[in-house]
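What the coordinates show
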Amino acid sequence: MKKITGSEALIKSLISEGVNTIFGYPGGQIMPVFDSLYGYKESLRHILVRHEQGAVHAAQGYARATGKTGVVLVTSGPGATNVITGIADAMVDSTPVVAITGQVPNAMLGTDAFQETDVIGLTTPITKWSYQIRRAEDVAWAVARAFFIASTGRPGPVVLDFTKDAQIGLTEFDYKKCKFIRTYIPEPEPDASLIDKAVRLIDSAKKPFCVFGHGVLLGHAEKELAAFLEKTDIPAGSTMLGLSALPSDFPLYHGMIGMHGSVAANIKTDECDVLVAVGMRFDDRVTGKVSSYARNAKVIHIDIDPSEIGKIIPVEAGILGNAKKVLSLLTETVKEAKHTAWNKSFSVCHEIEKEKVIEPEVNPGKGYIRMGEVVAEVARQSESKAIIVTDVGQNQLIATRYSTFKHTRSMITSGGLGTMGFGLPAAIGAKIAEPKKQVCLFVGDGGIQMTMQEFGTIMQEKTGVKIVILNNNWLGNVRQWQEMFFGGRYSETRMSNPDYVKIAEAYNIEALKVTKREELASAVKRMLASKEAFILDVNVIEEGMVMPMICPGKGLTEIMLNSSETYSDAASKSTEKK
């Protein structure tokens, strides 16, 4: 068998795994791989980002839009350390990514050689697996194992640290996909007795509620979730990363749960007698005060990761397994039910939220443009068909509240780590993955400046992503917390911003600045009609607040509708009027 270099073995291994796109940045210790890539340009597209952090976030966006594993290729030292944030983000949000980093030759390991860092030591705590390839003959084995680990079970990032001499060494190439690792069980078989227990709880429930998360999307369980809810007539709410697993107009869907979620979804979590949690991890932004979370409910928790069962919230039935399989088993066995009165009771919460929160935000009629009306206008004109990507901050919270979805995998955001700068490169990755779909990014004037160099990637690749900057001249979410919890002492949150339209012009990206409400609809129409990339810089109210809000340390029933009124206050007044 003809021998090839370890670098070529890497390229051929990626192609054998079905990879057709990688995101990266060349450098000294990964140069042999880039040299081998030169001969495979027709099979493997490389996206040259402008910063390694952009590479890993773009790979995340690609993975989240498609369900495939994103691939990153960078050099050693600073190249490797620049992907650390994205790797940590992918780990927390269960995003399958394989990051390949260059490394100094074996003989120089541990000598503090130029651009040497301990990549394995740095990444082991934030990956599913980190491995250093020191021999060319180990390349195919390592890549096969990496893709199997990254994409199965609870997905996540894997790092392959590739030494320079392993890249240039010779090896025979025979690629075999990995399908089994003796010590790794990606999908536990659901316990039949726990399925039976969950069925009994669901069948006897008078006020059941379902909370679903990213695990539904990762497990490709969207249809199974809908079938389960329809048969049991159980109302449901989504975590932020679960958004779009159900269409926004699904009859039993009541919106996002958590700190800035739907009033109905939060209040009814507190009132339910059985809580079915599917593919979610009871993050603190979901539960609020843990001791009072779902205090009247017996909890059924379905998750593929045993470490999540009972970690935060005690459970009555903790079922290990893929959401798709577990939901199918439950649906086969549960009785068909109707919870008419319980479902009808949600309308009171929705009416109060619409009057006190939604209408003032999306239909203010006068004054400064509000963030919510911008998001709502994009949702209306895109007919809820766009893939929505967000950065982190008020732009994220408002976009997840007011975007609507018709198709699965239509919301991409940084959840658990909350990484500012995520949005722009993730949107690029999503658009490259789904070139025929509209991809709209909502980003703040703070987050856009963290990875703004990726405008260069857009220019070079001609990536038609639509970028909406919600520009309020503040680090808006921090400013909101400073107003609410720090006595209005706005320490280092005021932003002096550049002219984004002029910057866009330098990158050959079409752009508009919107300062008046009457300009908004036509500007959004022009943006969405463009076949190319487009930046819409919208001046929104500087003191805008994202409401409702469950303040830190508070329970779900203590939800604030505005800075002075709680849901309980509004509900009491509504009852008095009636």
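Details of the structure are given in the entry above.
Residues numbered from 1 in each chain as written. Predicted model: local features only at pLDDT ≥ 70, side-chain atom pairs only at ≥ 80, totals over all residues. Heavy atoms only, no water.

Examining the pattern of salt bridges
Condition: Every case where a carboxyl oxygen of Asp or Glu lies within 4 Å of a side-chain nitrogen of Lys or Arg is listed as a salt bridge. Secondary structure is summarised from DSSP: a helix means a run of H or I of at least four residues, a strand means a run of E of at least two, and numbering begins at the N terminus for each. When accessible area is computed with a 1.4 Å probe and restricted to protein chains, residues below 20% of their type maximum are described as buried, those above 50% as exposed, and intermediate ones as partly exposed.
All told, the structure shown has 21 salt bridges when counted by the stated rule. A salt bridge links Arg-295 to Asp-270; the shortest N-O distance between them is 2.9 Å. Of the two residues, Arg-295 is situated in the loop between helix 13 (284–287) and strand 13 (298–303) and Asp-270 in helix 12 (residues 263–271); the sequence distance between them amounts to 25 residues. Judged by its relative accessible area of 52%, Arg-295 falls in the exposed class. Residue Asp-270 is classed as buried on the basis of its relative accessible area, which comes to 8%. Between Arg-526 and Glu-510 there is a salt bridge, with its nearest N and O atoms 2.8 Å apart. With a gap of 16 residues between them, Arg-526 in helix 23 (residues 517–529) and Glu-510 in strand 19 (residues 510–514) connect regions that are remote in the sequence. In the salt-bridge network here, residues are joined through shared partners; they are Arg-154, Asp-305, Glu-308 and Lys-311.

With respect to the side chain of Ser-410
Threshold: Within 3.5 Å is the distance limit for a polar contact, defined as a pair of N or O atoms, with the added protein rule that one can donate a hydrogen and the other accept it, and that residues adjacent in sequence qualify only through two side-chain atoms. Should any heavy atoms of two residues lie within 4.5 Å, those residues are considered in contact.
Its place among the elements puts Ser-410 in the loop between helix 18 (394–402) and strand 16 (411–412). Take Ser-410: its relative accessible area is 2%, and that puts it in the buried class. Polar contacts involving the side chain of Ser-410 include one to the main-chain carbonyl oxygen of His-407, which spans 2.6 Å. Those residues within four positions of Ser-410 in sequence are excluded, and the remaining contacts are Ser-244, Ala-386, Ile-387, Ile-388 and Phe-405.

As for the packing of helix 17 (residues 371–381) against helix 23
Short version of the rule: Between N-to-C directions, angles cover 0 to 180 degrees, with each direction set by a line fitted to C-alpha atoms, over the stretch in contact for helices. Reported orientations rely on four angle classes, namely roughly parallel under 35 degrees, roughly antiparallel over 145, roughly perpendicular from 65 to 115, and oblique for the rest. We call a crossing left-handed when the near helix sits turned anticlockwise from the far one by less than a right angle, and right-handed when that turn is clockwise. Residue classes follow a fixed rule: Ala, Val, Leu, Ile, Met, Phe, Trp, Tyr, Cys and Pro count as nonpolar, while Asp, Glu, Lys and Arg count as charged, and any other residue, Gly among them, counts as polar.
For the pair helix 17 and helix 23, the least separation of the axes is 10 Å and the interaxial angle reads 40 degrees. Here helix 17 is positioned oblique relative to helix 23, judged by the angle of their axes. The element helix 17 and its partner helix 23 pack so that their crossing is right-handed. Counting all contacts with helix 17, which are made through Glu-373, Val-374, Glu-377, Val-378 and Gln-381, the residues of helix 23 involved are Arg-517, Leu-520, Ala-521, Val-524, Lys-525, Met-527 and Leu-528. Looking at side-chain class alone, the contact of helix 17 with helix 23 contains seven nonpolar, one polar and four charged residues.

Overview of the sheet that holds strand 2 (residues 21–24)
Put simply, the rule is: Strands are labelled as partners when DSSP assigns at least two bridges between them.
Ordered by their spatial adjacency, six strands build an open sheet running 3-2-4-5-7-6, and the pairing between neighbours is parallel. Two strands bound the open sheet, and with one partner strand each, they are strand 3 (45–48) and strand 6 (129–133). Each adjacent strand pair in this sheet contributes to an overall mean axis angle of 20 degrees, direction not counted. Sheet topology note: the strand 6/strand 7 (residues 157–163) ladder contains five bridges and is parallel.

Side note on the side chain of Thr-400
Structurally, the position occupied by Thr-400 is in helix 18. By relative accessible area, which is 4% here, Thr-400 ends up buried. Among the polar contacts listed, one links the side chain of Thr-400 to the backbone oxygen of Gln-396, at a separation of 2.9 Å. In terms of polar contacts, Thr-400 uses its side chain to reach the backbone carbonyl oxygen of Leu-397, at 3.1 Å. Those residues in contact with Thr-400 that sit more than four places away from it in its chain are Met-240, Leu-243, Met-256 and Met-411.

Quick look at the packing of aromatic side chains
Here is the rule: Pairing of aromatic rings covers Phe, Tyr and Trp, the last counted by its six-membered ring, and requires centre-to-centre distances within 6.5 Å; plane angles under 30 degrees mean stacked, over 60 mean edge-to-face, and any other angle means tilted.
Within the structure shown, the criterion is met by 13 aromatic pairs. Each ring, one from Phe-455 and one from Tyr-507, has its centre 5.7 Å from the other, and the planes form 70 degrees; the classification is edge-to-face. Remark: Tyr-507 occurs in the loop between helix 22 (500–506) and strand 19 and Phe-455 occurs in helix 20 (residues 455–461); sequence separation between them is 52 residues. Residue classification places Phe-455 among the buried residues on the basis of a relative accessible area of 1%. For Tyr-507, a relative accessible area of 24% puts it in the partly exposed group. Between Trp-474 and Tyr-490, the ring centres sit 5.2 Å apart and the planes meet at 65 degrees, which makes this aromatic pair edge-to-face.

A word on the environment of Ala-430
Tracing the backbone through its elements, the reader meets Ala-430 in helix 19 (residues 423–433). Separated by 89 residues in the primary sequence, Ala-430 and Ala-341 place their C-alpha atoms 42 Å from one another.

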